[in-house]
Amino acid sequence: MSRLLLLHTPHITSFHRRTLTSFLSNSKPHLSLSSLQFHHHRFSLSLFLSPSSPSPSPPLRTFSVSAFDSSETKSEEEEEAEKVGNEEGKTKKINSSSNSSVTDSEYPSGEFQFEEFNWWRKFTVKLKMLTALPWERVRKGTVLTMKIRGQISDQLKSRFSSGLSLPQICENIIKAAYDPRISGIYLHIETLSCGWGKVEEIRRHIFDFKKSGKFIVAYVPACREKEYYLACACEEIYAPSSAYFSLFGLTVQASFLRGVFDNVGIDPEVQRFGKYKSAGDQLIRKTMSKENCEMLTALLENIYGNWLDKVSSTKGKTREDLENFINDGVYQVERLKEEGWITNIRYDDEVISMLREKLGLPKDKQVPMIDYRKYSRVREWTLGLSGGKDQIAVIRASGSISRVRSPLSVSGSGIVGEQFIEKIRTVRESKRYKAAIIRIDSPGGDALASDLMWREIRLLAASKPVIASMSDVAASGGYYMAMAAGTIVAENLTLTGSIGVVTGRFNLGKLYEKIGFNKEILSRGKYAELLAADQRPLRPDEAELFAKSAQNAYVQFRDKAAFSRSMPVDKMEEVAQGRVWTGKDAASRGLVDAIGGLSRAVAIAKLKANIPQDRQVTLVELSRPSPTLPEVLSGIGSTLVGVDSTLKELLQELTNSEGVQARMDGIMFQRLEGYSYANPIFALIKDYMSSL
């Protein structure tokens, strides 16, 4: 389990324009890995949602504005497609939607194609470099250095923000491929705290960079499976003799709180809808259920199998060779070199000396280098990579979902429903955008906020093409958002689905007796004490109402998922049992349409907006926050003023966790709108469980 916190994105006051600089083709799709991230369960009362829907070949849909208006009429484009009957007509039919299904292979792949600039473009680039701003000037023969470690955000970051940004890492790699001043890339790869989806996106860009003919070298002082998966995509891998290599395999863990509750006198009363919904198990069981074991085993086998296949293929080994190596428990760096898993044993300064030789520099000359943060300030325009006149909006939604902004919101820390809806409406009302891409990296959150965003995305999809692109995870509330789009693109191992409901309350009567605490309630109304009376168990009539409300929430989510994916409810029910799926398995069941990253989502958006694949487009990012004073302090910060991100996240969670929660593998306290608990015992237990 892993912790789930309520985080909130800051108010967005400005738009940022990025350009699509890669050239896209219609070659076969590139399958990719995505993320395995499990969230610690915070104890509380809540509703939870999970994966959805079968249908081996996912259909495209025409969205009506009415939530459950499933009547379909042929659009003018469809009729024209049937009349023309040629390839153009076929494309229009795919774009506009019909009852016929479209398979993954029928979508454009969005694969990067490196193209040498002609003499005129080279000349204009040189002129732009001569007039570039001081911070955009780079010496000829410079090596781009990037330290890839820790957490990687799916959001764009301002210059004052700390940490790594996935879109900026990928943008830097593409810029470096075309920048005549950059000779190669030197990656420092250390322990990563992100999911497989982001790792796959970076890995894909490493392969794209290699098409430029420039070198890319990895240095790995600490390495496990994710780090090696990234490093093996580089031409050369170096490690110091003292490097920590732990290529021992993958594990999945599940934790259970029932024993703790029994010891302290807490009796959880749980209603669960969805046999795979493990969040309820963690409260009422002491061991893993058969269904939860089945689900986690399938996820583990998918991730481990993909890792074995792709690493062995990249290194020119067989899967059996790699599996035997893992099972030998190798930790000696010397053996890694002997068996060809790394290029050589070298310290950082020795690798830099090798780069000096590679660049043909004398020994007394330093290798010119530019780091990730400085190179991020080099505009694509300077390199002649500006996009075309056609614009596609990109709206990023990362983190836990809440409905309103908390006073303690930290930049880029979550999805705030009201702010997200503002951006959706801006895109819908503007004629400048030909299509929209919703980039999702979220395990869910507030169910009401998820539903309100679902509605707005559907309204947008009724007016222009909308593509959902999933990163590490898009489950429960995250999938709720994605299923409103016309087409869903996921990484091979994106965690998605999780359509199920768990709702619960705690009977704290025994705990109160142990500590001498007493609570009396005066009420009016038969069910007034349903949520307030935590000093006693539910009465039979209260328990019945409690169960019916949970069932109603499950049915609404399941039915909307079935409607959004154009599926019969009974087929959706087969997979909407609280089960989390990988992107690949979700695609085979109709929950996802195509496998790939953001570049594939762009290619599909161009297809559906009738933009030729060989035409460049401008991606307009609507999710870059303006730097606020707290962000500036935090960015300059973590050492100067001791700003700790974990503390900020915890403070946000404690002050803003209202409403029914729609999350994957997490339980939050359920609160009535505008109602807050004044029970100090409850708060103490809540704080204690948060620290586990």
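Our subject is the structure that appears above.
Starting from 1, residues in each chain are numbered consecutively following that chain's sequence as written. Selection of residues for local features in this predicted model requires a pLDDT of at least 70, selection of side-chain atom pairs for listing and counting requires 80 or more, and totals for whole chains, interfaces and linings are taken over all residues. Here the side-chain values reflect all heavy atoms present in the structure, with hydrogen atoms and water set aside.

Trainee: Requested: an account of the overall build of the chain, with residues and values cited.
Mentor: The number of helices and strands found in the chain is 24 helices and 25 strands. Categorising residues by exposure relies on relative accessible area from a 1.4 Å probe, with only protein chains included: less than 20% of the type maximum marks a residue as buried, more than 50% marks it as exposed, and the intermediate range marks it as partly exposed. Buried positions account for 58% of the 692 residues belonging to the chain. Note on areas: Shrake-Rupley with a 1.4 Å probe; residue coverage comes only from the protein chains shown. In the form shown here, the chain has an accessible surface area of approximately 28300 Å², with 52% of it arising from carbon and sulfur atoms. Starting at the N terminus, helices and strands are each numbered in turn, a helix being any DSSP run of H or I of at least four residues and a strand any DSSP run of E of at least two.

Trainee: Describe the pairing of strand β18 (residues 466–475), with residues and values.
Mentor: For β18, a buried count of 10 out of 10 residues is recorded, marking the element as mostly surrounded by other parts of the structure. Two strands pair under a simple rule: DSSP has to find at least two bridges between them. Alignment of β18 against strand β19 (residues 487–490), held across 3 bridges, turns out to be parallel. Within the sheet, the bridge partner assigned to Ile467 lies in β19 and is Thr487. If you view a crossover with the strands going away from you and the path from the first strand over the helix to the second runs clockwise, you call it right-handed. In this fold, the crossover linking β18 to β19 by way of helix α16 (residues 477–482) has right-handed handedness. One ladder, built from 3 bridges, connects β18 with strand β20 (residues 495–497); its direction is parallel. Following the sheet pairing, Val473 is matched in β20 by Leu495.

Trainee: Break down the environment of Arg565 for me, citing the residues and quoting the values.
Mentor: Structurally, Arg565 can be placed in the loop between α18 (540–564) and α19 (569–575). The class for Arg565 is buried, based on a relative accessible area of 0%. For Arg565 and Thr487, which are 78 residues apart along the polypeptide, the C-alpha to C-alpha distance reads 9.4 Å.

Trainee: Describe the sheet that holds strand β12 (residues 369–371), listing the residues and the values that go with them.
Mentor: Ordered by their spatial adjacency, 6 strands build an open sheet running β11-β8-β6-β5-β2-β12, and the pairing between neighbours is parallel. The open sheet has two free edges, formed respectively by β11 (344–345) and β12, since each of these has just one partner strand. When strand β2 (residues 142–150) meets β12, the two strands line up parallel, connected through 3 bridges. Each bridged residue has a counterpart across the sheet, and for Thr145 the counterpart in β12 is Asp371. Note on contacts: a residue pair qualifies if any of its non-hydrogen atoms lie within 4.5 Å across the two residues. Here an axis means a line fitted to C-alpha atoms, over the contact stretch when the element is a helix, while the angle between two N-to-C directions is reported on a 0 to 180 degree scale. Docked against the sheet, helix α4 (residues 166–178) engages β2 and β5 (182–192), running at close to 160° with respect to β2.

Trainee: Requested: an account of the packing of α4 against helix α5 (residues 196–210), with residues and values cited.
Mentor: In contact at an axis separation of 9 Å, α4 and α5 are set at 5° when each is read in the N-to-C sense. Considering their axes alone, α4 and α5 lie roughly parallel with respect to each other. Counting all contacts with α4, which are made through Leu166, Ile169, Cys170, Ile173, Ile174, Ala176 and Ala177, the residues of α5 involved are Lys198, Glu201, Ile202, His205, Asp208 and Phe209. Class assignment of the residues belonging to the contact of α4 with α5 gives a composition of 9 nonpolar, 1 polar and 3 charged. With respect to orientation, any angle under 35 degrees is reported as roughly parallel, any angle over 145 as roughly antiparallel, any angle of 65 to 115 as roughly perpendicular, and every other angle as oblique. Here the nonpolar group is Ala, Val, Leu, Ile, Met, Phe, Trp, Tyr, Cys and Pro; Asp, Glu, Lys and Arg are the charged ones; every other residue, Gly included, is treated as polar.

Trainee: Any details on the nonpolar core? Residues and values, ideally.
Mentor: Counting 67 residues, the largest nonpolar core has Tyr228, Phe245 and Trp307 as the members making the most contacts within it. With 8 residues, α4 is the single largest residue contributor to this core. Counting residues in hydrophobic clusters, the runner-up holds 54 residues, among them Ile395, Phe420, Ala449 and Phe563. Side-chain atoms within 4.5 Å link the members of a nonpolar core, which is a set of buried Ala, Val, Leu, Ile, Met, Phe, Trp, Tyr and Cys residues.

Trainee: So what's going on with a nonpolar patch on the surface? Residues and values would help.
Mentor: For patch detection, residues must exceed 30% relative accessible area and be free of salt bridges, and they are connected within 9 Å for like charges or within 5 Å for nonpolar side chains (Val, Leu, Ile, Met, Phe, Trp, Tyr). In the sections that follow, a salt bridge refers to a side-chain nitrogen of Lys or Arg positioned within 4 Å of a carboxyl oxygen of Asp or Glu. The grouping of Trp119, Trp120, Phe123, Leu127 and Leu130 at the surface amounts to a nonpolar patch, some 640 Å² of accessible area in total. When you line up the elements, Phe123 lands in helix α3 (residues 119–130).

Trainee: I'd love a proper account of the packing of aromatic side chains, names of residues and values included.
Mentor: Any Phe, Tyr or Trp ring, taking Trp's six-membered ring, that has another such ring centre within 6.5 Å forms a pair; planes under 30 degrees apart are called stacked, those over 60 apart edge-to-face, and the others tilted. Evaluation of the coordinates by the stated rule reveals 13 aromatic pairs. Their ring planes at 70° and their centres at 6.3 Å tell us that Phe112 and Tyr178 sit as a pair that is edge-to-face. Here Tyr178 lies in helix α4 and Phe112 lies in the loop between α2 (87–96) and α3, a separation of 66 residues in the sequence. When sorted by exposure, Phe112 lands in the same class as Tyr178, which is buried. Each member of the aromatic cluster is reached from another via a ring pair, and the members are Phe112, Phe114, Phe117 and Tyr178. In this scheme, Lys NZ or Arg CZ marks a charge over a ring once it lies within 6 Å of the ring centre and within 35 degrees of the ring normal. Over the ring of Tyr229 we find Arg203; its NZ or CZ atom is 4.2 Å from the centre of that ring. Its guanidinium or amino end placed over the ring of Tyr276, Arg579 lies 4.9 Å from that ring's centre, counting from NZ or CZ.

Trainee: Break down the state of the cysteines for me, citing the residues and quoting the values.
Mentor: By definition, a disulfide links the sulfur atoms of two cysteine residues through a covalent bond. What counts as a disulfide here is a pair of cysteine sulfur atoms lying within 2.5 Å. Taken as a whole and assessed by the stated rule, the structure comprises 0 disulfides. A disulfide-free cysteine, Cys234 has its sulfur positioned 8.4 Å from the sulfur of Cys232, the nearest such atom. With a relative accessible area of 5%, Cys234 lands in the buried category.

Trainee: A description of the environment of Lys211 should follow, citing residues and the corresponding values.
Mentor: With respect to the secondary-structure elements, Lys211 resides in the loop between α5 and β6 (215–219). Distance from Lys211 to Phe114, taken between C-alpha atoms, is 6.2 Å for residues 97 residues apart in sequence. In this structure Lys211 touches Glu111, Phe112 and Phe114, once residues within four positions along its chain are discounted. Here the side chain of Lys211 touches Glu111 through a polar contact of 3.4 Å, side chain to side chain. Under the rule applied, a polar contact is a pair of N or O atoms within 3.5 Å (in protein, one hydrogen donor and one hydrogen acceptor; residues adjacent in sequence only if both atoms are side-chain atoms).

Trainee: Now, about the side chain of Gln577: what can you tell me, with residues and values included?
Mentor: Its place among the elements puts Gln577 in the loop between α19 and β22 (580–582). A polar contact is formed between the side chain of Gln577 and the side chain of Glu573, at a distance of 2.5 Å.

Trainee: Please provide a residue-by-residue account of the pairing of strand β24 (residues 618–621), values included.
Mentor: The alternating pattern of β24 places Thr618 and Val620 and Leu619 and Glu621 on opposite faces, both of which are buried. Bridge count between strand β13 (residues 391–398) and β24: 4 bridges; the pairing is parallel. Along β24, the bridge assignment pairs Ile392 with Leu619.

Trainee: Just give me the short version of the packing of helix α15 (residues 447–461) against α18, but keep the residues and values in it.
Mentor: One can describe the packing of α15 onto α18 by two numbers: an axis separation of 13 Å at closest approach and a directional angle of 15°. Comparing the axis directions of α15 and α18 gives the class roughly parallel. Crossing of α15 against α18: the hand is left-handed. Contacts between α15 and α18 pair Asp451, Trp454 and Arg458 from the former with Lys560, Phe563 and Ser564 from the latter. Taken together, the residues that form the contact of α15 with α18 break down as 2 nonpolar, 1 polar and 3 charged. Left-handed describes a crossing whose near helix is turned anticlockwise from the far helix through less than a right angle; right-handed describes the clockwise counterpart.

The values are spatial; any link to function lies outside them.
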